[in-house]
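In case you want the letters, here they are:
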Amino acid sequence: MILVTGGRGAVATHLTSLLHRDGLAVRVGSAAPETLSPPDGVEAVRLDLTAPATFAAALAGVTTVFLYASSERVTDFIDHARGAGVTHIVLLSSSAVLSPDPESDPLAKSHLDVERALLASPITTTILRPGSFASNAGGWAWAVKAGRPLSLPFPDAHTDPIHEKDVAEAAHAVITDPRHHGGRFTLTGPESLTFAQQVEQLAAVTGRPVSIDHVTPEAWKRESAEYIPAAFADALLKWWASNDKPLPLTRTVEELTGRPPRTFTTWAEDHAGDFTDH
C-alpha cells in the first residue's frame with residue numbers, strides 16, 4: 001500500500017492517478033478528505049500532518065509514503081511510520097535546501113528540518129528537490145482576469161519553473177523503480193525564465209494583455225502581507241534579488257521519466273482557463 005499525503009495538491013492528485021493506473025494499491029491522505037475525488041478504488045483518509053492522532057489509521061498497512069514536507073510533527077510521523085512497517089518515504093522537499101545558507105531562510109529551513117529528521121531515521125528516504133513551481137504563476141490569475149497589472153518587485157529575476165505533472169511523474173518513477181530508492185534528485189523545468197518572460201508567455205497563450213507594475217520590495221511586502229508572513233516575504237525578496245542571472249538546470253526529470261520536462265508555455269496552456277473569465 002502506498003500512502004500519498006497532501007491529497008488536495010496538484011502533484012498528489014496526478015501521482016495518485018499514475019499509481020492507480022499501474023494497478024498499485026493507493027491511499028490518499030488529506031486534512032479534508034471529503035473534498036477529494038480520487039479514482040475509483042482509491043481510499044481517501046483524514047491525515048493532518050500536524051495532528052498525530054490522524055497518523056495511525058492513515059498509515060495502517062502502508063509500506064511506501066509520498067510525503068509533503070511539514071516540519072511541525074515530523075518526528076511523530078516518522079515514529080508512526082516505523083511502527084506501521086513503512087520501509088520507503090519519498091519526500092517532496094525543495095532545492096532551496098541547497099542554497100548557501102538554508103538555516104537563515106525560513107522557507108529552506110522548514111524543508112531542511114524534515115530532510116534531516118528522515119535521514120536520521122532507519123527508513124529508506126528518497127528526496128525530490130524541485131525548484132520553482134510553474135504553478136506559482138497561478139497567483140497572478142486574479143489580477144489578469146481583472147485586467148490589472150502584476151505587482152513585481154524583481155521582474156527580471158530568474159526562476160526554473162517546473163510543471164506539477166513533471167514533479168508527479170518523477171515521484172512515480174522513484175516510487176516504482178527500486179534503483180532510485182534512497183536518491184537525492186534536484187528537479188528543474190527546461191528553461192530559466194525571468195518573471196517578465198513568464199508574463200509574456202502567459203499573455204501570448206491567453207490572448208490577454210498582461211502588464212507589469214515594477215514596485216519596490218517594500219510595496220510588494222505591504223501588498224502581500226495578508227497572505228505571506230513577513231519572514232517568508234523577506235526570504236522570497238532576498239532570493240529573487242539574488243537571481244539576476246539564468247539559473248543552472250538539471251536533466252533529472254528526463255533521466256527519471258524518459259522525456260524532457262514540460263515548458264512554461266505548456267503549463268500556461270494547461271491552465272489558461274484559470275486566467276480567463278470562461
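The rules behind the values
- Residues numbered from 1 in each chain as written.
- Predicted model: local features only at pLDDT ≥ 70, side-chain atom pairs only at ≥ 80, totals over all residues.
- Heavy atoms only, no water.
- 1 Å grid on protein atoms, 1.4 Å probe; cavity = no way out; pocket = protein on both sides within 12 Å on 5 of 7 lines; lining within 4 Å.
- Points joined across faces, edges and corners; volume = space filled by probe spheres on them.
- Helix = DSSP H or I, 4+ residues; strand = E, 2+ residues; numbered from the N terminus.
- Nonpolar A, V, L, I, M, F, W, Y, C, P; charged D, E, K, R; others polar.
- Pairing = 2+ DSSP bridges.
- Axes fitted to C-alpha atoms, helices over the stretch in contact; angles between N-to-C directions.
- Salt bridge = Lys/Arg side-chain N within 4 Å of Asp/Glu carboxyl O.
- Buried < 20%, exposed > 50% of the residue type's maximum accessible area, 1.4 Å probe, protein only.

Participant: How should I be thinking about empty space enclosed by the protein in this particular structure?
Facilitator: Regions of empty space are outlined by a rolling probe, equal in size to a water molecule, passed over the atoms. Per the counting criterion, the structure on display carries one cavity of 30 Å³ or more. Of the volumes computed, that of the largest cavity is approximately 40 Å³. Where the lining of the largest cavity is concerned, the elements lending two or more residues are strand E4 (64–68) and helix H3 (74–84). Class assignment for the residues of the lining of the largest cavity results in seven nonpolar, one polar and no charged.

Participant: Explanation requested: the sheet that holds strand E5 (residues 88–92) in the structure shown.
Facilitator: Consider a sheet: its strands pair through backbone hydrogen bonds, and that pairing is either parallel or antiparallel. Taken in spatial order, the seven strands of this open sheet run E3-E2-E1-E4-E5-E6-E9, and their pairing is parallel. For this open sheet the edge positions go to strand E3 (43–46) and strand E9 (184–187), each flanked by a neighbour on one side alone. When the angles between neighbouring strand axes are averaged without regard to direction, this sheet yields 20°. Pairing of strand E1 (residues 2–4) with E4 involves three bridges; the strand directions are parallel. The residue bridging Ile2 from the neighbouring strand is Thr64, located in E4.

Participant: I'm lost on the layout of surface pockets in this one. Help?
Facilitator: If you add up the space inside the second largest pocket, you get close to 260 Å³. Forming the walls of the second largest pocket are 13 residues, and the residues nearest its centre are Ser99, Asp101, Ser104, Asp105 and Lys238. Top element by residues in the lining of the second largest pocket is helix H9 (residues 230–242). It accounts for six residues. The class makeup of the residues in the lining of the second largest pocket is six nonpolar, three polar and four charged.

Participant: Can you walk me through the pattern of salt bridges in this structure?
Facilitator: Pairing is possible between side chains of opposite charge, provided their charged atoms come close. Scanning all chains against the criterion turns up 15 salt bridges. A salt bridge links Asp22 to Arg21; the nearest nitrogen and oxygen atoms lie 3.5 Å apart. For Arg21, a relative accessible area of 58% translates into the label exposed. A network of salt bridges, in which partner residues are shared, links Asp166, Glu169, Arg259 and Arg262.

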